[in-house]
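# Structural features, examined
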Amino acid sequence: MILMDLDERLDLIRSDRWIAFDRATIVLNRLISLMEMPRQSRMPGLMVYGSSGIGKTMIAKRMESLYPSNYRSDLGVTRTPILLLQAPPAPDERRFYQHILASIGAPMWGRHTISELEVRALSHLRGMDLKMIMIDEVHNLLAGSYREQRRFLNMLRFLSNDLCASLVVFGVNEAAEAVRGDEQLARRLDEHFLPLWDDDVEFSRLVQTLIAAMQLERGSGLSVQSLRTILGITGGVTSRVFTMIKALAIDAIETGEERITDEAVQSWQPIWAKHSWTVRNQPQPAF
């Protein structure tokens, strides 16, 4: 084990790093299986949806990191297996194509028609050996009219078809209904729902995994009541669970306790809930 000083340990905890847990690993494995699938005219895809903060973006970024771009000096080209994009604030085709071109380092300045942007984007993407297009925040399409939503979804389906690349979209629960409205696209996208965490063994494993990743010097044997307190404070939202465990770990290191105690859990105050005391003291469901 590499010894780190106090500041290095705290920086590691605060950093935006991947911490593998079962639920996220299951989604990653599904995405990897899509990447390993031979190209075909109608590539299958995936829609991952759930509440805000449940971990969708974290999974998307991790998947992108597993398949980085690489420059082939013998061919003089850059291979990009995965293109991760964020959906525009509204279902705007022009803005989306401009975003694609900017993301791959080929922006087009001045005024251009959607067709011109489409041709330019496809020309570049075909030479990148692209196998997967991932669209985060796809629920942004809900900001547009029904007609605009349909056109945007048609565009995504067209890109997937033309490039023979798997399409993966990430969004909140409401976006799922909008995507299902395009029958051709919906038939091609399997669905994976990420629910809020519940009072069960799976949640206990998540907390244990996170605490282990904090690399504290002493074991943190939390009680069942502490697990329920963590669940009550965070509302079962993954990002909040991460925030709470990281904050407790930092406190444990700074105080020299080197473990997360039941007392620390009970006294911890969240920054996101105005009425945190009420939330924490509500009756909790049994296992």
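Reading guide: rules and limits
Residues numbered from 1 in each chain as written. Predicted model: local features only at pLDDT ≥ 70, side-chain atom pairs only at ≥ 80, totals over all residues. Heavy atoms only, no water. Helix = DSSP H or I, 4+ residues; strand = E, 2+ residues; numbered from the N terminus. Contact = heavy atoms within 4.5 Å. 1 Å grid on protein atoms, 1.4 Å probe; cavity = no way out; pocket = protein on both sides within 12 Å on 5 of 7 lines; lining within 4 Å. Points joined across faces, edges and corners; volume = space filled by probe spheres on them. Nonpolar A, V, L, I, M, F, W, Y, C, P; charged D, E, K, R; others polar. Domains from an automatic or database assignment. Salt bridge = Lys/Arg side-chain N within 4 Å of Asp/Glu carboxyl O. Buried < 20%, exposed > 50% of the residue type's maximum accessible area, 1.4 Å probe, protein only. Core = buried A, V, L, I, M, F, W, Y, C linked by side-chain atoms within 4.5 Å. Buried area = accessible area lost by both parts, 1.4 Å probe. Phe/Tyr/Trp six-rings, centres within 6.5 Å; stacked < 30°, edge-to-face > 60°. Lys NZ or Arg CZ within 6 Å of the ring centre and 35° of its normal.

### Quick look at the environment of methionine 155
- Turning to its location among the elements, methionine 155 is positioned in helix 6 (residues 146–163).
- Leaving out residues up to four positions away in the same chain, methionine 155 has contacts with Glu93, Phe96 and Tyr97.

### A short note on the layout of surface pockets
- Put simply, the largest pocket is a space of about 540 Å³.
- Surrounding the largest pocket, 23 residues form its lining, Asp16, Gly55, Thr57, Met58 and Lys61 being those nearest its centre.
- Residue contributions to the lining of the largest pocket peak at five residues, all from helix 3 (residues 56–66).
- Of the residues contributing to the lining of the largest pocket, the split by class is six nonpolar, eight polar and nine charged.
- Taken together, domain 1 (22–194) and domain 2 (197–273) each give at least three residues to the lining of the largest pocket, which thus spans both.

### What about the pattern of salt bridges?
- Applying the stated criterion across every chain, the model contains 14 salt bridges.
- Between arginine 30 and aspartate 190 there is a salt bridge whose closest N-O contact spans 3.7 Å. Here the residue arginine 30 occupies a position in helix 2 (residues 22–35), and aspartate 190 occupies one in strand 7 (residues 189–194), the gap between them amounting to 160 residues.
- Judged by relative accessible area, which is 44%, aspartate 190 ranks as partly exposed.
- Measuring nitrogen to oxygen at the nearest pair gives 3.3 Å for the salt bridge that ties aspartate 199 to arginine 228. Here aspartate 199 is found in the loop between strand 7 and helix 9 (201–213), whereas its partner arginine 228 is found in helix 10 (residues 224–234), with 29 residues between them in sequence.
- Judged by relative accessible area, aspartate 199 falls into the buried class, the value being 7%.
- The buried category is assigned to arginine 228, whose relative accessible area is 17%.
- Connected via shared salt-bridge partners are Arg9, Glu217 and Glu258.

### A short note on the nonpolar core
- Of all hydrophobic cores here, the largest spans 49 residues; its most connected members are Leu31, Met134, Ile245 and Ile260.
- Among the elements that make up this core, the one with the highest residue count is helix 11 (residues 238–255) (nine residues).
- In contact with isoleucine 260, not counting residues within four places along its chain, are Ile211, Leu216, Ser220, Leu222, Ile245, Leu248, Ala249 and Val265.
- Within the second largest apolar cluster, 36 residues are counted, among which are Leu101, Leu125, Val138 and Phe152.

### Some thoughts on the domain arrangement of the chain
- As far as domains go, the chain holds domain 1 (22–194) and domain 2 (197–273).
- Distance from the C-alpha centre of domain 1 to the C-alpha centre of domain 2: 34 Å.
- Contacts between domain 1 and domain 2 engage seven residues on the former and eight residues on the latter.
- In total, about 560 Å² of surface goes out of reach between domain 1 and domain 2, with carbon and sulfur atoms giving 49% of it.
- Three residues, Arg23, Gly53 and Ile54, lead the burial of domain 1 against domain 2; their summed loss comes to 67% of the area buried on that side.
- One can count two salt bridges joining domain 1 with domain 2.
- In this structure, arginine 23 engages glutamate 202 in a salt bridge whose closest nitrogen and oxygen atoms are separated by 3.2 Å.

### Things to note about the packing of aromatic side chains
- In total, this model carries five aromatic pairs according to the counting rule given.
- Their ring planes at 35 degrees and their centres at 5.2 Å tell us that tyrosine 49 and phenylalanine 193 sit as a pair that is tilted. Here tyrosine 49 is found in strand 1 (residues 45–50), whereas its partner phenylalanine 193 is found in strand 7, with 144 residues between them in sequence.
- In this structure an aromatic cluster arises from ring pairing among Phe21, Trp197, Phe203 and Phe242.
- Of note, arginine 23 hangs over the ring of tryptophan 197, and the distance from its end group to the ring centre comes to 3.5 Å.
- Here arginine 150 stacks its cationic end above the ring of tyrosine 146, 4.7 Å away from the centre of that ring.

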